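Structural description and commentary
For reference, the chains in residue letters:
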Amino acid sequence: MYGLNRVFSTSQVTQLAKMLDALLEGEIEDPDLLECFFLEALYFSLGASLLEDGRIKFDESVKRIASLPTADTEEVWAKPGELPGQLPTLYEFHFDSKRNQWIPWSKLVPEYVHDHQRKFIDILVHTVDTTRTTWILERMVKIKQPVIFVGESGTSKTAATQNFLRHLSEDTNIVLMVSFSSRTTSMDIQRNLEANVEKRTRDTYGPPMGKYLLVFMDDMNMPKVDEYGTQQPIALLKLLLEKGYLYDRGKELNCKNIRDLGFIAAMGKAGGGRNEVDPRFLSLFSTFNVPFPSEESLHLIYFSILKGHTADFHESIVAVSGLLTSCTLTLYKNIVQDLPPTPSKFHYIFNLRDLSRVFNGLVLTNPQRFQTVAQMVRVWRNECLRVFHDRLINKTDKQLVQDHIGNLVLEHFEEDEEVVMRDPILFGDFRMALHEEETRIYEDIQDYEAAKALFQEILEEYNEINTRMNLVLFDDALEHLTRVHRIIRMDHGHALLVGVGGSGKQLLARLAAFTAGYEVFEILLSRGYSENSFREDLKSLYMKLGLENKTVMFLFTDAHVAEEGFLELINNMLTSGTPRPVASGAHQADPHHSPWGWVWLPSGPALTSWWASTALGGRWKYFLTQHCWVPRRETPGCLH
Ligand SMILES: Nc1ncnc2c1ncn2[C@@H]1O[C@H](COP(=O)(O)OP(=O)(O)O)[C@@H](O)[C@H]1O
Ligand SMILES: [Mg+2]
């Protein structure tokens, strides 16, 4: 049967036994009840790593072997001795031991309550998948069994796991997040672990007594395969998981036993920079395939957010939030279908993150400025253009996205078409940028004249304080400025500007940062500037962020990449919040303050995925620029 590659069948049987361990509490005498637990354990072990087709076949075989009567009356759930038949497979059901019934997972999804104060990036709308993932995590952590989730990018692996970790009791748990990249070394992992454990006896180490250290290893299959076919960090972890110890590096090679340590891992399927992980290592984990969210789940996630956000808007706007959600999903589907990634368009990768960005833009609106459906649909069009269109590298592709949006507007909002489709389309919260005391409000800037007048004033103010920049604010420059400004004003706003040298990327970025009220941080390369110098610079940046609570835009250009190693540090900063290890001691990413986002950056010939986050509670903005990939004559495009 087709499942996740290379999961040994013996390890699946072990997984079955572990799952039973997790499910069975106390003596169970009733054989029918026992069978229910056994069936559930079977689906979460032998059946857990199967993909779609395999799941259907698996379900058929198990049901045939079980040969139990089927209960399929609406809303009357099967009891022990029966199998539920309301939904196609048993994968959709959970055996609830309290109620003694098979309940569909969909009925167990906690209801979403919108909180206007919560940052967009901290929002998690529970779906069938996240509810199931959370349940698995609870069970596995309870029996201290390492667990790994495997699924495509954007299947909520990271979001759901982080949400689970956030809700763990801090009294008994310490969480360490490690995001792997192609350049993560075994030494990185070891240092990271060692920084989070303390000496207990001569050769035993562990987290402070009474606590359990839970390590979340995200994107675990990223590390590169060396010439001997080994992923070194994986080899180290295999030793640790299997034997429970590591060796000191250096001369002594002392053996260090590490106690009270648990593992959760997530990874994408092999391919696109991700490698096959040693199956012997994987066999130490319980493995679960995370399917891509169904269309219903996607709709649920984004509709819940938009409905919650627009609750105090005009009722006509509330009424279209469902329609706007389905238009976004249709647009997304069309784009994924029409614009697949190719070697020259390697970054045409659209997933849940992009959908999230569209809605992140939509929740910037407020009821005072957005009073009509036309205004709301217009800002929707802006967000879709910014997220999808600005990433594209040629006119044909851009036109295609514009046409898709145009068609959707025509189909669903015909009477507002004129307002919605009017160009230029410029949104931002910089009207009051020079008046610090005023709150910034996201709004329609209307036209180039208005944008130019605002930016001209800002530019003059900038030139009073800083080295003068001679920027001519022609229409394209205004568009880029608003785009960059919009990105960096968002939490997790990380932009990758792509364009030929001399196209003004840096100047625009600086002015956008000034407009947003951010300081700019960049490194100054000098002779002999090494990775250590880079770390020192980053330390001072962290001091500024953490102690002075400044908001900083980190400007990083391709000229700054003196050594490839810099990229690894930035990758770590983007993924976990720190360029480990910057300082010793308490430097691990704090899951409570580390929201996540994406930016793509080509590093060498291979593509690496990049993340960003806030650090040390200070508000942190990254800005990465790299010029390449866009053919000449193009003005810069934004990826974000
Ligand atoms: N249930 C959800 N509710 C809200 N946002 C979600 C949900 N699931 C995923 N997202 C958003 O989708 C994006 C991708 O999810 P992520 O967990 O990073 O995927 P993965 O780790 O599987 O690649 C993130 O921006 C996340 O915030
Ligand atoms: Mg992830």
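Residues numbered from 1 in each chain as written. Chains lettered and ligands numbered in written order. Predicted model: local features only at pLDDT ≥ 70, side-chain atom pairs only at ≥ 80, totals over all residues. Heavy atoms only, no water.

Let me state the cut-off plainly: UniProt positions are given in the numbering used here, feature names are shortened, and annotations may be inferred rather than shown by experiment.
Per an unreviewed UniProt entry, the recorded name for the protein chain is Dynein heavy chain AAA module D4 domain-containing protein, and the organism is Marmota monax. Looking at the protein chain in UniProt, the text filed under Sequence similarities (unreviewed entry) is "Belongs to the dynein heavy chain family."

Comments concerning the side chain of Lys157
How we decide: Each helix is a run of DSSP H or I of at least 4 residues and each strand a run of E of at least 2, with the numbering of both proceeding from the N terminus. Only protein chains enter the calculation, and the probe is 1.4 Å; a residue is then buried if its accessible area is under 20% of its type maximum, exposed if over 50%, and partly exposed in between. In this tally, Asp and Glu contribute negative charge and Lys and Arg positive charge; neither His nor the terminal groups of the chain are included. In what follows, salt bridge is the name for a side-chain nitrogen of Lys or Arg lying within 4 Å of a carboxyl oxygen of Asp or Glu. In protein, a polar contact means a hydrogen-donor-capable atom and an acceptor-capable atom, both N or O and within 3.5 Å, with residues adjacent in sequence counting only if both atoms are side-chain atoms; elsewhere, any N or O pair within 3.5 Å suffices. Whether two residues are in contact is decided by their heavy atoms, any of which lying within 4.5 Å being enough.
The topology assignment puts Lys157 in helix H5 (residues 157-166). For Lys157, which is buried and forms no salt bridge, the nearest opposite charge comes from Asp219, at a distance of 5.9 Å. Side-chain polar atoms of Lys157 contact the backbone oxygen of Gly151, separated by 2.9 Å. Only 2.8 Å separates the side chain of Lys157 from the backbone oxygen of Glu152, close enough to count as a polar contact. Setting aside chain neighbours within four positions, we find Lys157 in contact with Phe149, Val150, Gly151, Glu152, Ala266, Met267, Gly268 and Val290.

Looking at a negative patch on the surface
Cut-off, in case you're wondering: A patch is a set of surface residues, each over 30% in relative accessible area and not in a salt bridge, joined within 9 Å for like charges and within 5 Å for the nonpolar side chains Val, Leu, Ile, Met, Phe, Trp and Tyr. The accessible surface values rely on the Shrake-Rupley method and a 1.4 Å probe; as for residues, cover is taken only from the protein chains in view. For this purpose, a charge sits on NZ of Lys, CZ of Arg, CG of Asp or CD of Glu.
Together, Glu457, Glu460, Glu461 and Glu464 give the surface a local cluster of negative charge. Note on placement: Glu464 falls in helix H16 (residues 448-465).

Comments concerning the site of ligand 1
Heads up, the condition is: A molecule or strand has a residue near it when one of that residue's heavy atoms lies within 4 Å. Under the convention adopted here, Pro, Cys and the residues Ala, Val, Leu, Ile, Met, Phe, Trp and Tyr are nonpolar, Asp, Glu, Lys and Arg are charged, and Gly plus all remaining residues are polar.
Taken together, 16 residues form the shell around ligand 1, and within it Val125, Gly154, Ser156, Thr158 and Ala159 come nearest. At 2.5 Å from an oxygen atom of ligand 1 is found a side-chain nitrogen or oxygen belonging to Thr158. In the complex, the protein chains occlude 90% of the 550 Å² of accessible area that ligand 1 would expose alone. Residue composition of the shell around ligand 1, by class: 6 nonpolar, 7 polar and 3 charged.

Structural notes on the packing of aromatic side chains
Using the following cut-off: Note on ring pairs: Phe, Tyr and Trp rings are taken, using the six-membered ring of Trp, and paired if centres are within 6.5 Å. Classes follow the plane angle, with under 30 degrees stacked, over 60 edge-to-face and the rest tilted. Here, a charge over a ring is recorded when the distance from Lys NZ or Arg CZ to the ring centre is within 6 Å and its angle to the ring normal is within 35 degrees.
Counted by the stated rule, this structure contains 24 aromatic pairs. Note on Phe521 and Phe554: the rings are 5.1 Å apart at their centroids and 70 degrees apart in plane angle, and the pair reads as edge-to-face. Here Phe521 is found in strand E17 (residues 519-521), whereas its partner Phe554 is found in strand E18 (residues 552-556), with 33 residues between them in sequence. Here Phe554 falls in the buried class, since its relative accessible area comes to 1%. Taken together, the aromatic side chains of Phe521, Tyr529, Phe534, Phe554, Phe556 and Phe566 make up a single cluster linked through ring pairs. Arg55 extends its terminal NZ or CZ atom over the ring of Tyr91, reaching a point 4.5 Å from the ring centre.

Some points on the sheet that holds strand E8 (residues 204-206)
For the record, the criterion: By the convention used here, strands pair only if DSSP detects at least 2 bridges between them. Every axis in this analysis is a line fitted to C-alpha atoms, fitted for helices over the stretch in contact. Angles between the N-to-C directions lie between 0 and 180 degrees.
The 4 strands are arranged E7-E8-E11-E10 in an open sheet whose pairing can be described as mixed. With one partner strand each, in any of the chains shown, strand E7 (198-199) and strand E10 (245-247) form the two edges of the open sheet. Of the strands in this sheet, E10 and strand E11 (255-258) touch helix H7 (residues 232-243), which is tilted by about 135 degrees from E10.

Comments concerning helix H6 (residues 186-194)
Definition in use: It is the directions from the helix axis to the C-beta atoms whose arc is reported.
Within H6, burial applies to Ser186, Ile189, Gln190, Asn192 and Leu193. Each buried residue of H6 sits inside an arc of 165 degrees when the element is viewed along its axis, so together they form one side. Residues of H6 that are buried in the fold lie against strand E6 (173-179), strand E9 (212-218), H7, E10 and strand E12 (261-267).

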